[in-house]
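Descriptive analysis of the structure
Read off the chains here:
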Amino acid sequence: MNKGGQINNSISKVFETEWFSIDALQDITLGSKPYYRLTCGDSVSIIAKTVDEKIILVNQYRPPVEHHSLELPSGYVDDDESPEEAIRRELEEEAGYVCDSVSYMGSFRICPSRINNWLHVFFGKNAVFTGVKDVAAKKEFELVLVTKEEFLKLILEGRYIEVAGIAMFYLAQTNGYL
């Protein structure tokens, strides 16, 4: 074990795409069986509130679950940008909105039992529609604006199922943003 509490493992890449790879870890605590993890870049997500107090959601098709999903604007952090730059870019690309201020709420692991990336989460205030959306995003994302009460209802009725967004909603409330 090293000073940071991590165990030194032998790692080999089993499969790779432009978005992720699957690594086999020869974990000394598990014996002879390899442990598989998904490796991908860090990502960002934002719970943004418009000037008229609406929360910005996007509805998009998700092939792994074969249906549309309501989610907060999110995406990957490019190599040449900070998480804050990435979330500002993603919000404008996916929803066509820009916030006058963005507050960092923390960095979390989405699924530490299988995925080794970080999710950096933000709250955006006074978002205004610029009309500028990425051409590809216009086809992929349906913009949905809801009140805080409507968002909570979507969660309680099981119509908003993305767990990171649910956690962010409660984190934003706890921090006094909503």
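Above this text sits the structure in question.
Residues numbered from 1 in each chain as written. Predicted model: local features only at pLDDT ≥ 70, side-chain atom pairs only at ≥ 80, totals over all residues. Heavy atoms only, no water.

**Looking at the pairing of strand E10 (residues 118–129)**
On a regular strand, one side chain projects to one face of the sheet and the next to the other, so that they alternate. Here strand E4 (residues 43–50) runs beside E10; their pairing, made up of 7 bridges, is parallel. By the bridge assignment, isoleucine 46 is partnered in E10 with phenylalanine 122. With 2 bridges joining them, strand E8 (residues 97–98) and E10 adopt antiparallel strand pairing. By the bridge assignment, tyrosine 97 is partnered in E10 with phenylalanine 129. (Pairing = 2+ DSSP bridges. Helix = DSSP H or I, 4+ residues; strand = E, 2+ residues; numbered from the N terminus.)

**Regarding helix H3 (residues 148–156)**
Among the residues of H3, those classed as buried are Phe151, Leu154 and Ile155. Projected down its long axis, H3 carries its buried residues within an arc of 100°, all on one side. Away from its buried face by more than 90 degrees, H3 exposes Glu149 and Leu156. In this structure, the buried side of H3 is in contact with E4, strand E5 (55–62), strand E6 (67–71), strand E11 (141–146) and helix H4 (163–174). Once H3 ends, the next one or two residues include glycine 158, with phi positive near 75°. (Buried < 20%, exposed > 50% of the residue type's maximum accessible area, 1.4 Å probe, protein only. Arc of directions from axis to C-beta. Contact = heavy atoms within 4.5 Å.)

**Here's the deal with the pattern of salt bridges**
Scanning the entire structure with this criterion turns up 11 salt bridges. Where glutamate 53 meets lysine 49, a salt bridge forms, and the shortest distance between an N and an O atom there is 3.3 Å. Glutamate 53 sits in the partly exposed class, given a relative accessible area of 48%. When its relative accessible area of 15% is taken as the criterion, lysine 49 is described as buried. Across the pair glutamate 81 and arginine 89 runs a salt bridge whose closest N-O atoms are separated by 2.5 Å. Residues joined by salt bridges that share partners form a network here, namely Asp78, Glu81, Arg89, Glu90 and Glu93. (Salt bridge = Lys/Arg side-chain N within 4 Å of Asp/Glu carboxyl O.)

**Quick look at the sheet that holds strand E1 (residues 10–16)**
If you trace the 3 strands from one edge of the open sheet to the other, you get E1-E2-E3, paired in antiparallel fashion. The open sheet terminates on both sides in strands that have one partner only, identified here as E1 and strand E3 (35–40). Averaged over neighbouring strand pairs, the angle between their axes works out to 30° when direction is ignored. The sheet contact formed by strand E2 (residues 20–26) and E3 spans 6 bridges and is antiparallel. Paired with aspartate 23 across the two strands is arginine 37, which belongs to E3. (Axes fitted to C-alpha atoms, helices over the stretch in contact; angles between N-to-C directions.)

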